[in-house]
Amino acid sequence: MNNSLVTLIGRAMFGPAPLDHTDQAAAIAVACAVVLFAIAVPFASIVTWVERRVWARIQSRVGPNRVGPNGFLQWLADGVKHVCKEDVIPEEADAPLFKLAPYLVVLAFILPWAVMPFSSMLILADLNIGILYMTAITALTVVGVLMAGWSSNNKWSLIGGIRSAAQIISYEIPAGLSIFPAVLMTGTLSMQGLIRAQKWEPYHWFIFANPFCFVAAIILFVSTLAENNRTPFDLPEAESELVAGFATEYSSMRYLFFFMAEWGNMFIAAAILVTLYLGGWQIPRFNWSPALMNLLQFICFLVKVLVLVFVSMWIRGTLPRVRIDQMMSICWKYFVPIGFINMIGTAIWVAFFPHGSRLMEMAMFALALAIVAAFAWRVAYFTRRSRMELYFHPTI
Amino acid sequence: MGVAAYFRHIKEAVVTIFDGMAVTASHLIRKPYTIQYPDRIPARVQDRLPFRYRGILDVDLEICTGCLACDRACPIDCIAMAIEKNAQTREIIISQFDIDIAKCMYCGLCSEPCPTGAIHHTTEFEGADYSLESLIRRFVVEPVVAYKPKKGPEPDPAVASLLERGMKYVDQWAQPGSDKPPTPKAASSAQTATPQPAKPAANPARMPAKGAAAAAPKPSAAPARKGADGQAVTQSPPAEASVDNREATGEAANPAIDTAGVRQRDKTPAS
């Protein structure tokens with residue numbers, strides 16, 4: 001744990017000063033700050049543009065392409081527009097809570113970045129309860145959302161807030177149960193520990209370790225979608241029923257905060273899944289300088305996360321919103337029991353194969369490849385049937 | 001819910017989402033339908049519209065005779081015209097010609113009676129502006145002398161080209177359903193409608209309507225019209241009468257009728 005910034009700072013403050021480590025600690029701190037400012041905040045904004053372009057292509061449209069090259073600066077234009085708008089606080093609203101709520105939501109989006117394992121060294125604090133911290137902090141969103149819903153003094157907001165609370169708390173359970181299989185196999189809660197237990201080859205990722213992990217990874221992905229109020233679980237802000245749900249009364253920058261947190265949480269949700277089941281930053285070992293290796297690891301991590309974020313956009317462009325009772329039934333009737341089966345199954349699996357089973361890993365990897373192949377065949381079928389002109393270029 | 005139903009639900013959810021994702025993925029690689037108007041299209045829409053498209057009105061003041069037929073024909077009074085007549089030179093001076101594009105309903109009734117095709121619809125249709133005031137098109141900057149049809153072909157080539165265009169416009173108006181050049185069939189129908197043998201577009205002398213009526217060897221219908229013109233000085237029949245007349249006689253562009261219209265309108269402002 002020498003690489004951990006918290007450890008280093010702790011030693012510097014309370015123990016004998018490790019002079020040889022202070023430079024390293026400072027370097028890591030600066031790198032993390034750069035990553036936070038260069039990735040966390042812009043990501044949440046730029047992803048709005050990416051998402052709109054992806055939806056547009058899914059609907060055979062073009063999407064925003066006028067502000068900047070291919071509309072890339074659309075997020076900046078939207079941000080400036082929101083900042084310039086009037087910040088309305090309703091007269092009947094509970095003003096202190098109303099003002100506080102967006103900051104709590106943003107807090108729940110900023111704090112998880114502390115344990116975000118970008119690379120083997122690029123982590124702000126490698127807590128030994130990293131994944132637990134992550135789950136606990138992301139659940140803080142519900143406080144902000146419920147606060148926003150209640151303090152707005154508006155029925156739509158209140159229903160939206162209550163729905164959000166019910167949804168986030170419900171889906172915490174399958175999400176937590178789906179974290180267990182990975183934790184059972186490694187015996188650690190540290191983010192770096194979970195990644196170090198995996199290898200760079202895809203078939204050594206935990207998602208392919210056994211069938212239970214495969215299902216658990218899928219449940220974790222869907223549950224995080226639900227926790228982030230993403231379609232098909234965007235009931236708290238269902239436009240057709242609740243105007244904008246808990247954000248109905250918000251305007252200007254406060255409104256933007258909610259949505260920045262929502263889009264930023266996509267990154268965090270994807271990062272959790274990548275860390276637990278998809279090998280994190282693991283890349284093949286080379287005898288290159290640590291800085292270069294860390295850069296490559298960082299890119300590897302980022303690519304995996306962005307692929308998952310893209311899938312989440314793609315799901316949003318595909319599936320309609322589920323009904324509130326369907327949402328609850330998916331969680332309690334399907335995900336929770338299956339989550340328990342996954343947990344117990346993995347526990348038994350680990351008891352029988354403490355070092356994993358190479359045969360099962362290969363079989364699961366082959367199954368995944370088969371699924372991808374079948375999917376590609378299906379896509380080709382629909383493409384052929386439509387007899388439409390194809391256009392692979394991402395920009396138009 | 002039985003165990004079988006439970007697993008069937010799971011299977012259905014997985015299979016349908018799988019297929020749905022495949023459908024959207026196939027859309028993801030298709031070419032978007034969107035036509036990116038107005039700046040990313042191969043050719044301007046205005047250039048591809050037919051000649052007779054009823055877009056925003058325009059006036060070629062060089063060939064406007066100041067007859068006020070358009071002003072009278074407009075059902076919603078969006079044309080404001082003021083003309084004066086110089087008693088010595090018998091010239092008509094147009095001092096105002098405003099068209100309120102905001103009011104205009106693009107009915108085309110103003111360009112129909114125009115003897116020279118001076119007022120005509122363009123293919124332009126983008127009229128968005130920041131103020132209502134700027135939608136009033138003022139064509140007369142300072143008073144101008146109205147066009148007077150010459151005897152024989154038009155000497156000024158610039159005016160001649162305008163006139164040619166205007167007459168083509170008027171002719172096509174008189175032949176509904178043909179925005180193509182007149183075919184022999186159209187000419188034959190013109191012959192059946194009126195006894196004159198001249199093919200409208202083919203006769204260059206016909207272009208200046210009044211001059212053509214006076215100079216060209218007119219068929220039998222023309223003298224009768226001239227006689228009617230003589231009466232028109234006293235009777236002053238409304239311009240609509242000539243419009244109705246043209247519609248009644250069929251699609252053939254009868255230069256005599258145009259002549260009659262121009263002459264009547266010459267008299268009206270003076271009286």
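Since we're looking at a predicted model, the values are computed, not measured. (Residues numbered from 1 in each chain as written. Chains lettered and ligands numbered in written order. Predicted model: local features only at pLDDT ≥ 70, side-chain atom pairs only at ≥ 80, totals over all residues.)

S.K.: Sorry if this is basic, but what is going on with the overall build of chain B here?
M.R.: In terms of regular secondary structure, chain B is built from nine helices and six strands. Expressed as a percentage of the 271 residues in chain B, the buried residues total 32%. (Helix = DSSP H or I, 4+ residues; strand = E, 2+ residues; numbered from the N terminus. Buried ≥ 20, exposed ≤ 12 C-beta atoms within 10 Å, placed from the backbone.)

S.K.: So what exactly am I meant to see when it comes to the overall build of chain A here?
M.R.: The helix and strand tally for chain A stands at 14 helices and zero strands. Counting helices and strands in the order they occur from the N terminus, chain A gives α-α-α-α-α-α-α-α-α-α-α-α-α-α. Principal-axis analysis of the C-alpha atoms places the extent of chain A at approximately 65 × 60 × 45 Å. Sequence separation of 24 or more characterises 78% of the internal contacts of chain A that already satisfy a separation of 6 or more. (Contact = placed C-beta atoms within 7 Å.)

S.K.: What's the story with the interface of chain A and chain B in this structure? I'm lost.
M.R.: In many analyses, interface size is given as the accessible surface area lost on bringing the parts together. In this assembly, 22 residues from chain A lie in contact with 20 residues from chain B. Of all elements in the fold, only helix H2 (19-58), helix H12 (290-318) and helix H14 (358-386) of chain A reach the threshold of two or more residues within the side of chain A that touches chain B. Its residues assigned to classes, the side of chain A that touches chain B comprises 13 nonpolar, five polar and four charged. (Nonpolar A, V, L, I, M, F, W, Y, C, P; charged D, E, K, R; others polar.)

S.K.: Mind showing me how you'd approach the packing of helix H7 (residues 155-186) of chain A against helix H9 (residues 211-227) of chain A here?
M.R.: The description of two packed helices rests on the angle between their axes and on the distance between the axes. Residues and elements named next belong to chain A. Following both chains from N to C, one finds H7 and H9 inclined at 155°, their axes separated by 8 Å at the closest point. It follows that H7 is roughly antiparallel to H9 by the angle criterion. Regarding H7 and H9, the two cross each other, and that crossing is left-handed. Touching Gln167, Ile168, Tyr171, Pro174, Ala175, Ser178, Ile179 and Pro181 of H7 are Phe212, Cys213, Ala216, Ile219, Leu220, Ser223, Thr224, Ala226 and Glu227, all from H9. (Axes fitted to C-alpha atoms, helices over the stretch in contact; angles between N-to-C directions. Parallel < 35°, antiparallel > 145°, perpendicular 65-115°, else oblique. Left-handed = near helix turned anticlockwise from the far one by under 90°.)

S.K.: Explain the domain arrangement of chain A to me, please; I cannot follow it from the model alone.
M.R.: All names here are of chain A. Annotation of chain A at the domain level lists domain 1 (72-353) and domain 2 (357-396). Centre-to-centre, using C-alpha coordinates, domain 1 lies 26 Å away from domain 2. Taken together, the contact between domain 1 and domain 2 spans nine residues of the former and seven residues of the latter. Taken together, the residues that form the side of domain 1 that touches domain 2 break down as seven nonpolar, two polar and no charged. (Domains from an automatic or database assignment.)

S.K.: Please clarify how H9(A) should be interpreted in this entry.
M.R.: Since the α-helix advances by 3.6 residues per turn, residues separated by three or four positions end up pointing in the same direction. Residues and elements named next belong to chain A. End to end, H9 covers 24 Å across 17 residues, agreeing with the expected 24 Å (1.5 Å per residue, within 8%). Of all 17 residues in H9, 13 are buried, a share of seventy percent or more. Asn229 sits one or two residues past H9 and shows a positive phi near 55°. (Expected span 1.5 Å × (residues − 1).)

S.K.: Even after reading the chapter, I still don't get the nonpolar core, so can you show me in this structure?
M.R.: Generally speaking, soluble globular proteins have nonpolar side chains that are buried together. A:Val105, A:Phe206, A:Ala270, A:Leu273 and A:Tyr277 are the most contacted members of the largest nonpolar core, which totals 102 residues. Of all the elements, helix H11 (residues 252-277) of chain A adds the most residues to this core, at 18 residues. Not counting chain neighbours up to four residues away, the residues in contact with A:Ala270 comprise A:Val305, A:Leu308 and A:Val309. Core analysis: the next-biggest nonpolar cluster, separate from the first, contains 28 residues, B:Val59, B:Ala69, B:Ala73 and B:Ile79 among them. (Core = buried A, V, L, I, M, F, W, Y, C linked by C-beta atoms within 7 Å.)

S.K.: Help me understand the pairing of strand E2 (residues 79-85) of chain B in this model?
M.R.: Looking along a regular strand, one sees the side chains alternate between the two faces of the sheet. Here E2(B) pairs with strand E3 (residues 92-100) of chain B via seven bridges, running antiparallel. Within E3(B), the position partnered with B:Lys85 by the bridge is B:Ile92. (Pairing = 2+ DSSP bridges.)

S.K.: Please explain the confidence of the model for chain B as it appears in this structure.
M.R.: Close inspection of predicted coordinates is inappropriate for parts of the model with low pLDDT. All names here are of chain B. Residues of chain B with pLDDT of at least 70 account for 63%, and the chain-wide mean is 71. Here residues 186-271 is a poorly scored stretch, pLDDT under 50, and it has 134 contacts once near neighbours within four places are set aside; other chains count. In the model output, the complex is listed with pTM 0.70 alongside ipTM 0.79. (pLDDT = per-residue confidence, 0-100.)

S.K.: What should I look at first to understand H7(A) in this one?
M.R.: Counted at 1.5 Å a residue, the expected span for H7(A) with its 32 residues is 46 Å, and the 46 Å between its end C-alpha atoms agrees. Where H7(A) ends, the next residue or the one after it, A:Gly187, has phi of about 75°, a positive value.

S.K.: Would you mind showing me how to read the environment of A:Leu235 here?
M.R.: All names here are of chain A. Here Leu235 lies in the loop between H9 and helix H10 (239-242). Under the C-beta neighbour-count criterion, Leu235 is labelled buried, with 24 such atoms within 10 Å. Along the backbone, Leu235 and Cys84 are 151 residues apart, and their C-alpha atoms lie at a distance of 29 Å. In this structure, Leu235 is in contact with Arg163, Gln167, Arg321, Ile324 and Met327, ignoring residues within four places of it in sequence.

S.K.: Could you clarify how one ought to interpret the pairing of E3(B) in this entry?
M.R.: Residue and element names in this part refer to chain B. Hairpin connection, E2 to E3: the antiparallel pair is bridged by six residues, and Arg90 has positive phi, about 55°. Alignment of E3 against strand E6 (residues 144-145), held across two bridges, turns out to be antiparallel. Bridging from a neighbouring strand, Ile94 pairs with Val144 of E6.

S.K.: What am I meant to see in unusual backbone geometry here?
M.R.: Both trends apply: most residues other than glycine have a negative phi, and most peptide bonds are in trans. All names here are of chain A. The residue Asn229 is not glycine, and still its phi comes out positive at about 55°. Mapped onto the secondary structure, Asn229 falls in the loop between H9 and H10. On the basis of neighbour count, Asn229 is assigned to the buried category, with 25 C-beta atoms found within 10 Å. Phi at Ser252 takes a positive value of approximately 55°, unusual for a residue other than glycine. Tracing the sequence through the fold places Ser252 in helix H11. Overall, Ser252 belongs to the partly exposed group, with 15 C-beta atoms counted inside 10 Å.

S.K.: I keep staring at the environment of A:Ala29 and nothing clicks. Help me out?
M.R.: Structurally, A:Ala29 can be placed in helix H2. A count of 14 C-beta atoms within 10 Å places A:Ala29 in the partly exposed class.

S.K.: Would you explain the confidence of the model for chain A in this entry?
M.R.: The share of residues in chain A with pLDDT of 70 or more is 92%, and the mean pLDDT across the chain is 83. When the criterion is pLDDT under 50, residues 12-19 of chain A qualifies, and its contacts beyond four places in sequence or with other chains add up to five contacts.

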